[in-house]
Amino acid sequence: DINHCLIEHELRRILQRITAINKGPNFHVMEIDDKRGGYSEEVKSKPLKPREFTWKELSKLNGHHNAHVAVRGKVYDVSSFVNRHPGGVDQIMLGAGRDVTQLFESYHSFETHKILDKFYVGDLVDNELPVFPPPSKFYQTVKKRVDDYFKSANIDPKIDYWMFLRYAVFMVVATSFWLGGMVFQESLAVVVAFGLVSGFFTALIAMTCTHDSSHFSVTHKPWVWKLVGGIHDFYIGASMYIWTYQHIVGHHMYTNIDGADPDIQTSSLEVSDIRRIKWTQNWLPRYFYQHIYIPLLYCVLTIKTRLQDFHLLLARRNGNIRMNPPSLTQLLIFYGGKLTYVTHRFIIPLIFMPWTTVLLLNIMSEMSTSYWLALIFQASHVISEVEWPKPGQNNLMQIDWAEMQIATTQDYATDSWFWTVFTGALNHQTTHHLFPGVLQSHYMKITPIVKKTCEEFGVKYHYVNTTTEALGCHFNHLKVLGQGSKKHPE
């Protein structure tokens, strides 16, 4: 019936136009070719002129139905790919509405760029945050060499089942000493000692379970990342949702860049920060002895982090890093994690112990966790020996992203199995920043490749021999900045 075909044709045309409106002005409207007054299944694409996007316009395209990302100045509508992304929905939505060039290139091969072509819809005309030149010969070479190593050795860079044993050991030890503190509650000395040990191994849980899962480096399965990453919310009591934006989207993309890296964010000039770690901060007399009193305050890092999670969730911004709206699942994990943490750390212990002993056990554990995390985190970046780069005009960086990672990072004791295990391989920080998707247990094998390539290309590789020296660099940095240094040492 020709009338039926014409009606069906018109309905399809209307539906296509509605879809085009919902998708945005860059959606390619498909027109039906009804030859000889009949209905044909042939569909033709009618491309529109590529659109120009500002970063503010791009930032609004961060939902499942309209997810857009920018890579190397080109904007791609990946909304149709969200549910098919091999790395999972949460991972692609992490980058929706922003320039993800460095994330995309550090987690994929350079050849993967070709896959994006079919999603191209326009160009990004300005920059919200710093942008980097195309990958240098150095970056291309070191990436190829590491890839060749894994292929020749027939090793999957995301697989090492011994890491699951390490996760389990850290969890068992941390929990056992916590319970031991409850069992032997009559001895305050035991409570203090057991709390410190439990806290230390809790820090190791964060350095392994949390860190590996947040970088999607433990297996290729998104459900494994969620399961292992859930430890951060439900056992440690801090939000993986918040951490991922701070660490993956912020710190790793813009290491040590003032105004972009949340890890070095300080209070505004009008409200002086508690410490001075950057030359851009105004000096105040109270900073003179900060190398003495600031390390003492590192003991409250974990408490600050858990409380700050609530503020950041509401603000949906960490410094200049925007956070996309959390999904219902992420919200349930956020609040469920906080409730579970309070339950197993306070409510249940209060049934069996006086509140003073519960408080003491928690304080010792928190101090131990906080100190180890804070000191190890600071030792690689918050030091005078590395660079603190500044963007040029229009937020353009003059240095390749990979070379900047090396310039802003210091490694230490990379030949030591002990320090590699008990710092969560953060003593291999340079390798980790270049290859965040590689499981940490492989770093001892590929760090020599990175070192050798740096030497060949004349890229300065920052290194000290011991963990003590590395920590000393941070304390000295606090002292130098605290005593009024106004210029980064050349």
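Keep in mind that what you see is a predicted model, and the values were worked out from it rather than measured. (Residues numbered from 1 in each chain as written. Predicted model: local features only at pLDDT ≥ 70, side-chain atom pairs only at ≥ 80, totals over all residues. Heavy atoms only, no water.)

Draft legend 1. Region of the structure containing the packing of aromatic side chains. For the structure shown, the criterion picks out 27 aromatic pairs. Measuring from ring centre to ring centre gives 6.3 Å for Tyr 161 and Phe 164, while their planes differ by 25 degrees; the resulting arrangement is stacked. Among the residues examined, Phe 164 registers a relative accessible area of 30% and is labelled partly exposed. Taking 5.5 Å as the distance between ring centres and 55 degrees as the angle between the ring planes, the aromatic pair formed by Phe 200 and Trp 372 counts as tilted. In this pair, Phe 200 is assigned in helix H8 (residues 188-214) and Trp 372 in helix H14 (residues 355-381), connecting sequence segments 172 residues apart. For Phe 200, a relative accessible area of 23% translates into the label partly exposed. By way of ring pairs, the aromatic residues Phe 170, Phe 200, Phe 201, Trp 372, Phe 418, Trp 419 and Phe 422 are connected into one cluster. (Phe/Tyr/Trp six-rings, centres within 6.5 Å; stacked < 30°, edge-to-face > 60°. Buried < 20%, exposed > 50% of the residue type's maximum accessible area, 1.4 Å probe, protein only. Helix = DSSP H or I, 4+ residues; strand = E, 2+ residues; numbered from the N terminus.)

Draft legend 2. Main features of the nonpolar core. In this structure, Val 78, Ile 205, Tyr 254, Phe 435 and Ile 446 are the most contacted members of the largest nonpolar core, which totals 100 residues. Per-element tally for this core: the top contributor is H8, with 7 residues. Setting aside chain neighbours within four positions, we find Ile 446 in contact with Val 146, Tyr 149, Phe 150, Thr 431, Phe 435 and Val 438. Core analysis: the second largest hydrophobic core is formed by 7 residues, Phe 53, Leu 58, Leu 61 and Val 75 among them. (Core = buried A, V, L, I, M, F, W, Y, C linked by side-chain atoms within 4.5 Å. Contact = heavy atoms within 4.5 Å.)

Draft legend 3. Main features of the sheet that holds strand E3 (residues 51-53). Reading across the sheet, the 5 strands line up as E3-E7-E5-E4-E6 and stay open at both edges, with mixed pairing between neighbours. Two strands close off the open sheet at either side, each with one partner strand: E3 and strand E6 (98-99). Relative to strand E7 (residues 120-124), E3 runs parallel, the two being bridged by 3 bridges. Within E7, the position partnered with Glu 52 by the bridge is Asp 123. (Pairing = 2+ DSSP bridges.)

Draft legend 4. Representation of unusual backbone geometry in the model. One non-glycine residue with positive phi stands out, namely Phe 216, at about 55 degrees. Locating Phe 216 in the fold gives a position in the loop between H8 and helix H9 (222-236). Backbone geometry at Asn 394 places phi at a positive 60 degrees, although glycine is not the residue there. On the basis of relative accessible area, Asn 394 is assigned to the exposed category, the value being 56%.

Draft legend 5. Up close: the packing of helix H12 (residues 301-315) against H14. Remark: H12 packs on H14, axes separated minimally by 7 Å, with the N-to-C direction vectors making an angle of 90 degrees. Classed by the angle they form, the pair H12 and H14 counts as roughly perpendicular. Contacts between H12 and H14 involve Leu 301, Thr 302, Ile 303 and Arg 306 from the first element and Glu 366, Thr 369, Ser 370, Leu 373 and Ala 374 from the second. For the contact of H12 with H14, the residue count by class is 4 nonpolar, 3 polar and 2 charged. (Axes fitted to C-alpha atoms, helices over the stretch in contact; angles between N-to-C directions. Parallel < 35°, antiparallel > 145°, perpendicular 65-115°, else oblique. Nonpolar A, V, L, I, M, F, W, Y, C, P; charged D, E, K, R; others polar.)

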